[in-house]
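Chains, contacts and geometry: an overview
Okay, here's what each chain looks like letter by letter:
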Amino acid sequence: MGDGKKRGRYAPTPSGDLHLGNCRTALLAWLSVRAAGGAFVLRMEDLDKPREKPGAAQRILESLRWLGLDWDEGPDVGGPHGPYVQSERGHHYDDAIERLLAKGAAFSCICSRAEVAAASSAPHLGEDGPRYPGTCRPAPDAAPKQLGRRAPSIRLIVPPGLEGFDDLHRGPQRLDVQAEVGDFVIRRADGVAAYQLAVTVDDAAMGITEVLRGDDLLSSTPRQLLLYRALGLEAPSFFHVPLLLGEGGARLAKRNGARSLPELRAAGEDPRAICGHLASLSGLAEWGARLTPAELITRWDPARLPRLATCIA
């Protein structure tokens, strides 16, 4: 991990089959790494078990390979930084949380989502809901609060002020996490690590140097940077790309008619045509091109990527 080689990753959630939007992100992450001669990691982010669909993880791997992508490390090929399935990495998250609690950078909280919403006048923000008002946050030098019998979640203590980074595609980004989100959950009350903590711990442990992902996760990055700093970990660079949208500007999803990769494959579609289509939507090929991912490596040029979301319907 210390050889200066670029290391990127794609980390899908097995809540369903891949569609063109997912695959475009995977393709761009793969191209960015392969064009630099780096290593590509595939990680399955399956912590949200109620949303997981039977067989989805295996179909994701098959779809990516059918499209022409490969990876150097992953759940099916192994590697030195495994396991590459988040549900098998719980001890890593528990260790990180214990470190944060021991240094006073995190605290236990018994507030439910409904209680946070009732106590907050802030608008909804992403997956964490309304801003946390600090109800259970310990005061400096105060005795620990009695939490009662309700199972607590764990929250990170977020300092005031702007958290910034320079996105490789979107440029300078700034967010006051305390003002917009507050102290955010890093382990849920059911004992499962929250996304923000898990992805931070995993990317650091796997030596990821570049995170290329959809810009729907742009607001998550400042929170992850706070975690990198609190844990004393080196943060990767971030590269957020605009989403592909469906009819009416809606996000691509099965519920609004987006065809999945297994459906396209079963219909006899040429994976080279699909790859060429994704490349053309990304400014890397002409319309109607039929190309493999390997043939796109020499065409990789981040400056050609679109700045705004693209409607493909």
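Scope of this entry: the structure provided in the associated data block. (Residues numbered from 1 in each chain as written. Predicted model: local features only at pLDDT ≥ 70, side-chain atom pairs only at ≥ 80, totals over all residues. Heavy atoms only, no water.)

This next bit is on the overall build of the protein. Assigned secondary structure in the protein consists of 10 helices and 11 strands. With the C-alpha coordinates of the protein rotated into their principal frame, the extents come out at 65 × 45 × 40 Å. Of the roughly 14500 Å² of accessible surface on the protein, 52% is carried by carbon and sulfur atoms. Here the protein holds 39 positive side-chain charges and 39 negative ones, and the gap between their average locations is 2 Å. (Helix = DSSP H or I, 4+ residues; strand = E, 2+ residues; numbered from the N terminus. Areas by Shrake-Rupley, 256 points an atom, 1.4 Å probe, with all protein chains shown as cover. Lys, Arg positive; Asp, Glu negative; His and termini not counted. Charge placed at Lys NZ, Arg CZ, Asp CG, Glu CD.)

Attention now moves to the sheet that holds strand 7 (residues 185–187). As summarised here, the arrangement of the three strands in space is 3-4-7, forming an open sheet in which the pairing is antiparallel. Each end of this open sheet is capped by a strand with a single partner; those strands are strand 3 (106–109) and strand 7. Pairs of neighbouring strands in the sheet enclose a mean axial angle of 45 degrees, with direction left out of account. Relative to strand 7, strand 4 (residues 153–156) is paired through two bridges, and the arrangement is antiparallel. (Pairing = 2+ DSSP bridges. Axes fitted to C-alpha atoms, helices over the stretch in contact; angles between N-to-C directions.)

For the rest of this paragraph, the subject is the pattern of salt bridges. By the definition in use, this model includes 23 salt bridges. The shortest N-O distance in the salt bridge between Arg 65 and Asp 76 comes to 2.5 Å. With Arg 65 in helix 2 (residues 56–67) and Asp 76 in the loop between helix 2 and helix 3 (90–102), the pair connects residues that are 11 residues apart, well separated along the chain. In this structure, Arg 188 engages Asp 190 in a salt bridge whose closest nitrogen and oxygen atoms are separated by 2.7 Å. Assessed through its relative accessible area of 52%, Asp 190 is described here as exposed. (Salt bridge = Lys/Arg side-chain N within 4 Å of Asp/Glu carboxyl O. Buried < 20%, exposed > 50% of the residue type's maximum accessible area, 1.4 Å probe, protein only.)

Going residue by residue along strand 4, you find Ser 153 and Arg 155 tucked away on one face and Ile 154 and Leu 156 tucked away on the opposite face as well. With four bridges joining them, strand 3 and strand 4 adopt antiparallel strand pairing. If you follow Ala 106 over to strand 4, its bridge partner there is Leu 156.

Turning to helix 2, a few remarks are in order. An ideal rise of 1.5 Å per residue puts 16 Å on 12 residues; helix 2 measures up with 16 Å between its terminal C-alpha atoms. Within helix 2, the full set of buried residues consists of Ala 56, Ile 60, Leu 61, Ser 63, Leu 64, Trp 66 and Leu 67. Of the surrounding secondary structure, the elements contacted by the buried residues of helix 2 are strand 1 (7–10), helix 1 (20–35), strand 2 (39–42), helix 8 (261–266), helix 9 (271–281) and helix 10 (293–296). Where helix 2 terminates, the next one or two residues include Gly 68, which has phi positive at roughly 115 degrees. (Expected span 1.5 Å × (residues − 1). Contact = heavy atoms within 4.5 Å.)

On to the packing of helix 6 (residues 195–205) against helix 7 (residues 221–231), then. Interhelical geometry of helix 6 versus helix 7 gives an angle of 60 degrees and a closest axis separation of 9 Å. By the angle between their axes, helix 6 is oblique relative to helix 7. Note that helix 6 runs across helix 7; the crossing there is right-handed. Packed against helix 6, whose contacting residues are Tyr 195, Gln 196, Leu 197, Val 199, Thr 200, Val 201, Asp 203 and Ala 204, the element helix 7 presents Arg 223, Gln 224, Leu 227, Tyr 228 and Leu 231 at the interface. (Parallel < 35°, antiparallel > 145°, perpendicular 65-115°, else oblique. Left-handed = near helix turned anticlockwise from the far one by under 90°.)

Next up on the list: the nonpolar core. Within the largest apolar cluster, 42 residues are counted, with the highest numbers of intra-cluster contacts made by Leu 64, Leu 278, Leu 296 and Trp 300. Residue contacts for Leu 296: discarding those within four places in its chain leaves Leu 27, Leu 31, Cys 275, Ala 279, Leu 284 and Leu 291. Membership of the second largest hydrophobic core comes to 23 residues, among which are Leu 47, Leu 156, Phe 184 and Ala 193. (Core = buried A, V, L, I, M, F, W, Y, C linked by side-chain atoms within 4.5 Å.)

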